[in-house]
Structure formats: structure tokens, C-alpha cells
Amino acid sequence: MNLRRRLLLALITLLPLLLFAAAWVVLLFLRQGGMTPFRVPLNQARSVPSDAALIARGRRLAAIGNCAGCHTAYGGAAYAGGRAFITPYGTVYSSNISADPRYGIGAWSAAEFRHAMRHGVSRNGVQSPVFPYANFARIDDEGLDALYAFLATVPAVATAPPADALDFPANLPGAMTMWRLLYYRPAPAVTATAAATPQQRGAILVEGIGHCAACHGTRGTFASLAADAELGGGRLAGWYAPALNAQTLAHYAPGALADYLRGTAVDGRGAYGKMADVIAQNLQHLSPADAQDIEAYLRTLKPQSAARESVTRELPAEQRALGDHLYRQHCAGCHGEDGSGKAGKYPALTTSSAITGPDPINAIKLVLFGAAAPATPQNPQPYTMPPFAHTLSPDEVAALVSTLRARWGDGGRPVDANDVGAWGGIEP
Ligand code: HEC
Ligand code: HEC
Ligand code: HEC
């Protein structure tokens, strides 16, 4: 009797908690789209539009969206997948999206393709968020059909990419479904109406096919992307992609941002690191009007007041003296004694996000490996920066980077030789 009573009492007290937990799971489930994402439309006939204008639009979208960049292994056949992405939860290989009916998407209906692009779920299961479907979900039906029509023209390649090699717990069955439950909130597709403002058209490009947040977003646990940290800046594959907003981009003159995105070196400032790949592979294909729309949109964004490391430690005098000396010896010839650069040739360092931004990793990488903006029709012979990995020791690199960040940025934590060792590697 006593025991029964106690059990009953326990149940009565626990019941609200259990109900609450169940309600929470149901709510999360509904917010990731309910059952819809998991109902892959498999029973529809394949019929590929052959409209030349639609295919041309698809080709343009595929270029801006970098489908080939992510879906082609180094030295591999275009769109055959197999490119490795090293994430905090293991290695993900991109899929074969060539027109091969067995290994690619050559047997998919337009409905299945739309479904995969909107929900990240296909006949091959729930896809990892390396595939930026959260962004592609925003592309309207016509855009997706254009991509579908274009991809059907891509030569079939009958090879299977390697299977993903995920770490625990991402390798557990249902892990990607769980991830969706916790972090994915589908956003509706948006169509650019004839009345859309440049800012609105720019937003559609940035949030949709451009998937800028895939790198410029601030990621939380398990590579989650919170909607309110969309372009707050983040690290990807060993580079820091700075926050994109009116404040961080203020040093670009009007129109210069659009030029930069299409591959022009603006006052000597071209892209480097991952952004150089992005411009070389996709953004150089933006039309001037699209690039101007993106600029218009980015300039409307306000900086987020994200918590920023503000433990400025005083840089020891001898480190600073060493940094000053190394700068004069190795850098000032191009970037100027005062860091203001050389008009049209070498960028100013006083406004470089690698120096003034919150993360020192780009400055370390630049000094070690040098830089070259991508060669594009807009900038056919880029000026280059030589590498210093063989000239400077890790201690010297650390002193130099810390000195410049203290001089022209708000400093942040000085870096040391360990940081240079840890962050100085080249990641694929
Ligand atoms: C940032 C890299 C990246 C970009 C850009 C990208 N993809 Fe992918 N995509 C991936 C990866 C990685 C996967 C596989 C995910 C996995 O294995 O869980 C994938 C999966 C897919 C799938 C699902 C394939 C299947 O078998 O289920 C489709 C369809 C797809 N991508 C189409 C596209 C198209 C079209 C574009 C361009 C508009 C594009 N992707 C751009 C990385 C990318
Ligand atoms: C031969 C000329 C040259 C020398 C020497 C040189 N740089 Fe550069 N630097 C460049 C060029 C050119 C770029 C632009 C690269 C690009 O557009 O991808 C650049 C880019 C940079 C950037 C990124 C600027 C931006 O766009 O935000 C930093 C930071 C930088 N250099 C630091 C240094 C430091 C520190 C040294 C000395 C160790 C140095 N550079 C030596 C030519 C040089
Ligand atoms: C694959 C990752 C990646 C993607 C996708 C990407 N970026 Fe970047 N971006 C970077 C990195 C890393 C940097 C820092 C290197 C540099 O400044 O060249 C950067 C730099 C930039 C800069 C220069 C900021 C500065 O401090 O001067 C702009 C502007 C920019 N990106 C805009 C965009 C836009 C707009 C998109 C989407 C259309 C985009 N990026 C997509 C990785 C990416």
C-alpha cells in the first residue's frame, strides 16, 4: 500500500514533466516541418524540361550556387561528387549529382529534386547540413526547375562517392534526423517579383542560391546555424569568414563591394583563402546587377552585438619591438610603413578584417602562405603576396601578427607560437 502510494505520488509529480518533455519533442518535430520532409515523392514520372532559356538560367544558378565546386572531387569528373568536407563531426563526401541514373540523380523526378533541395532528404536519406539546403529551400519552384533542367544536361558519371565517415554521435542511425529536430527551421521559398527593391533581390540571392551563411554564419553546437547569427562571422575549413554588415563593410566605397564580389581587386584588396575559391568558382559569374543587389542588401544589415572576446592583454615590449622590426623588414615595402597600402596594387592593412577583426587566423595564414586573388576577367593578373613560412619562425609570425592587430585593430588576445602551429595548417 505504502509503496503503491509512493509510486502514485511520484507519477503525479513526474507526469507534468513527462508531458512537458513530450510536448517539447512534438513542437521541435513540427518546427522542422513535421512528416513532410520525410515523405520523399518517389512515385512521380521523370520529365525533363528542354527549354533552352530555363537551362541557361539553371546553368547561371548552378554557377552562383557553386554546385560544381562542392560536387566535384579534386581532379575528379564534374558533378560526380566525392569531394571531402572535414567537419567537427566527421568527414562528409558530396554526392554524385550528374545525370547518371544509378549513382547520380538521372532517375529523379523534378519533384524529388525539389524535395531534396528544400528538405535535404532524398531516396538516399537525410543529408548532412554541409549540403546548404537550409539556403536552397528559399529558391522558388522555377529556380529549382531550372537547376533540374540544367543538371540533366550534365554528362552522366557512373561512380559512387565514398561513404561519409562520421564520428560519434553523428554516425548513429537517426543522427541527421535528430539534428534537424534540434536545429533546422525551414524557411519559405521567395520569388523576386518585378516590384522587388535591389535590397530585396539581394536578400534573395544571399539567403538562397548564394548560401553566404554557410561560411559567414556563426555556428553553434553541432554546426548549428541560428537564424539570428546568420551572417555574424564564423570559421570554416581553417579560415575566418568575417561578419557581413554595414559596419564591417564600411571601408568599401559605394559600388566597390559589388566589384569585389565579381573578382575585382578593390584598392588592391582581392579575396584570399576560401573566399578566393568562392569568387573563382561562383561569384565571378554574378551579373553586375546581381552583384549590386547583393551590395545593397549587405549594407542594410546591422552588426550583431555578439559577445566578443575582450581580454586585451598588454603585448610585451620585446614582442612589439620584434613585430615592428619584422613589419618594416618584410611587409612595409608593399603595404606601406603606415599600413595604408599602395593605390591599386597592395591593400591597406589598417582596414583589413584579418587585422581588425575578432579572429587572428586569417592573418596567420596569410603571413605563412601568402595570398593571391583569383584571376578573373575583371582582374586578369592579380598582384600576389609571397609566403613567409620558410622565412619566419612561429614565434616571429606570432609577434608580427599580434603587433599589427594591437596597432590597427582592437588587439584581442595576442597569439603565440602554439596558435601558429595549431591554426597554420592547410585544410582541404
Ligand atoms: C558547400 C558545399 C555544397 C554546395 C555549395 C552544394 N552542395 Fe549539394 N551536397 C553537398 C554535400 C556534402 C552533399 C552530401 C551530404 C551527405 O552526404 O549527407 C550534398 C548533397 C546534395 C544532394 C542530395 C543528393 C542525394 O543523393 O541525396 C543534391 C540533390 C545536391 N546536393 C544538389 C546540389 C545543387 C543543385 C547545388 C547547387 C545549387 C549544390 N548541391 C550545392 C555539398 C554541397
Ligand atoms: C610583394 C608584396 C607583398 C608583401 C611583401 C606582403 N604582402 Fe600582404 N598582400 C599583398 C597582396 C597583393 C595582397 C592581396 C592578396 C589578395 O588579394 O588575395 C596582400 C594581402 C595581405 C593581407 C590581407 C588584406 C585584406 O585584403 O584584408 C594581410 C593581412 C597582409 N597582406 C599582411 C602582410 C604581412 C603581415 C606581410 C609581411 C609579413 C605582408 N603582407 C607582405 C602583397 C604583399
Ligand atoms: C566557402 C566559404 C564562403 C562562402 C560560401 C562565402 N564566403 Fe565570403 N568570405 C569567406 C572567407 C573565408 C573570407 C575571408 C577571406 C577574404 O576576405 O578574402 C570571406 C570574405 C568575404 C568578404 C570580404 C570581407 C572583408 O572583410 O573585406 C565579403 C564582402 C564576402 N566574403 C562576401 C560574401 C558573400 C556576399 C557571399 C555569398 C554570396 C560569400 N561571401 C560566401 C568565405 C566564404
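Predicted, not measured: the structure shown is a model, and the values here were computed from it.

Enquirer: What should I look at first to understand the overall build of the protein in this one?
Expert: Each helix and strand counted, the protein has 17 helices and nine strands in total. Against the globule reference of 22 Å for 428 residues, the protein gives a C-alpha radius of gyration of 24 Å, in line with a compact fold. Taken across its 428 residues, the protein has 41% of its residues classed as buried. Within the protein, residue pairs in contact and separated by at least 24 positions form 70% of the contacts whose partners lie at least 6 positions apart.

Enquirer: Would you mind going over the packing of helix H8 (residues 198-207) against helix H12 (residues 288-298) with me for this structure?
Expert: The description of two helices packed together rests on the angle between their axes and the distance between the axes. As a packed pair, H8 and H12 sit with axes 7 Å apart at the nearest point and diverge in direction by 95 degrees. With respect to each other, H8 and H12 are oriented roughly perpendicular. Across the interface between the two elements, Pro 198, Gln 199, Arg 201, Gly 202, Ala 203, Leu 205 and Val 206 of H8 pack against Asp 290, Gln 292, Asp 293, Ile 294, Ala 296 and Tyr 297 of H12. When grouped by side-chain class, the residues that make up the contact of H8 with H12 number seven nonpolar, three polar and three charged.

Enquirer: Honestly, the site of ligand 1 in this entry has me stumped. Any pointers?
Expert: Near ligand 1 there are 24 residues, and of these Gly 65, Cys 67, Cys 70, Ser 122 and Phe 131 occur at the shortest range. For the shell around ligand 1, the secondary-structure elements that each account for two or more residues are helix H2 (52-65) and helix H3 (67-70).

Enquirer: Before we go on, may I ask you to explain the domain arrangement of the protein in this structure?
Expert: Often the size quoted for an interface is simply the accessible area lost on bringing the parts together. Per the domain assignment, the segments making up the protein are domain 1 (37-183), domain 2 (198-298) and domain 3 (317-423). Mapped by element, the contributors of at least two residues to the side of domain 2 that touches domain 3 are strand E7 (239-241) and helix H11 (273-281). Ranked by residues supplied to the side of domain 2 that touches domain 3, first place goes to H11 with four residues. Tallied by class, the residues present in the side of domain 2 that touches domain 3 amount to nine nonpolar, nine polar and four charged.

Enquirer: When you look at unusual backbone geometry in this model, what are you seeing that I'm missing?
Expert: Working note: non-glycine residues mostly have negative phi, and peptide bonds are mostly trans. For the peptide bond that leads from Phe 168 to Pro 169, omega is 0 degrees, which places it in the cis range. Within the chain, Asn 66 stands out as a residue other than glycine whose phi angle is a positive 60 degrees. Residue placement: Asn 66 occurs in the loop between H2 and H3. A tally of 20 C-beta atoms within 10 Å means that Asn 66 is categorised as buried.

Enquirer: So what exactly am I meant to see when it comes to helix H7 (residues 175-183) here?
Expert: In an α-helix, one full turn covers 3.6 residues, which means residues spaced three or four apart are oriented alike. Looking at H7, one finds that the buried residues are Met 176, Trp 179 and Arg 180. Down the axis of H7, the sector holding all buried residues measures 100 degrees, keeping them to one side. Taken together, the buried residues of H7 touch strand E4 (125-126).

Enquirer: Help me out: how do you make sense of the site of ligand 3 in this one?
Expert: Among the 26 residues in the neighbourhood of ligand 3, the closest are listed as Gly 210, Cys 212, Cys 215, Met 275 and Ser 353. If you tally residues by element for the shell around ligand 3, the top one is H11, at four residues.

Enquirer: Can you walk me through the packing of helix H13 (residues 317-335) against helix H16 (residues 394-408) in this structure?
Expert: It is the contact of H13 with H16, at a shortest axis distance of 8 Å, that shows an interaxial angle of 90 degrees. Taken together, the axis directions place H13 and H16 in an arrangement best described as roughly perpendicular. For the pair formed by H13 and H16, the contact residues are Gln 319, Arg 320, Leu 322, Gly 323, Asp 324, Leu 326 and Tyr 327 on the first element and Glu 396, Ala 399, Leu 400, Ser 402, Thr 403 and Leu 404 on the second. Along the lines of polarity and charge, the residues of the contact of H13 with H16 split into six nonpolar, four polar and three charged.

Enquirer: Teacher, can you tell me more about the pairing of strand E2 (residues 90-93) here?
Expert: Along any regular strand the residues' side chains alternate between the sheet's two faces. As judged from the four bridges shared by strand E1 (residues 84-87) and E2, these two strands associate in the antiparallel manner. Across the sheet, the residue bridging to Thr 87 is Gly 90, located in E2. Taken together, E1 and the strand that follows it, E2, pair antiparallel across an intervening segment of two residues. Strand direction decides the pairing type here: E2 and strand E5 (residues 165-166), joined by two bridges, are antiparallel.

Enquirer: Could you clarify how one ought to interpret the environment of Leu 54 in this entry?
Expert: Residue position: Leu 54 is located in helix H2. Among all residues touching Leu 54, those that are not within four sequence positions of it are Pro 49, Asp 145, Ala 146 and Ala 149.

Enquirer: I keep staring at the sheet that holds E5 and nothing clicks. Help me out?
Expert: Sheet strands pair by backbone hydrogen bonding; their relative direction is either parallel or antiparallel. Judged by pairing direction, the sheet is antiparallel, and its three strands sit side by side in the order E1-E2-E5 without closing on themselves. Looking at the sheet topology across the chains shown, the edges are occupied by E1 and E5.

Enquirer: Is there a simple way to explain the nonpolar core in this structure?
Expert: Note on soluble globular proteins: their nonpolar side chains tend to be buried together. With 92 residues, the main nonpolar core has Leu 261, Ile 364 and Val 401 as its most contacted residues. Apart from residues no more than four positions distant in its own chain, Leu 261 is found in contact with Ile 279, Leu 283, Leu 286, Ala 291 and Ile 294.

Criteria and cut-off values
Residues numbered from 1 in each chain as written. Chains lettered and ligands numbered in written order. Predicted model: local features only at pLDDT ≥ 70, side-chain atom pairs only at ≥ 80, totals over all residues. Helix = DSSP H or I, 4+ residues; strand = E, 2+ residues; numbered from the N terminus. Rg over C-alpha atoms; globule rule 2.2 N^0.38 Å. Buried ≥ 20, exposed ≤ 12 C-beta atoms within 10 Å, placed from the backbone. Contact = placed C-beta atoms within 7 Å. Axes fitted to C-alpha atoms, helices over the stretch in contact; angles between N-to-C directions. Parallel < 35°, antiparallel > 145°, perpendicular 65-115°, else oblique. Nonpolar A, V, L, I, M, F, W, Y, C, P; charged D, E, K, R; others polar. Near = placed C-beta within 6 Å. Domains from an automatic or database assignment. Arc of directions from axis to C-beta. Pairing = 2+ DSSP bridges. Core = buried A, V, L, I, M, F, W, Y, C linked by C-beta atoms within 7 Å.

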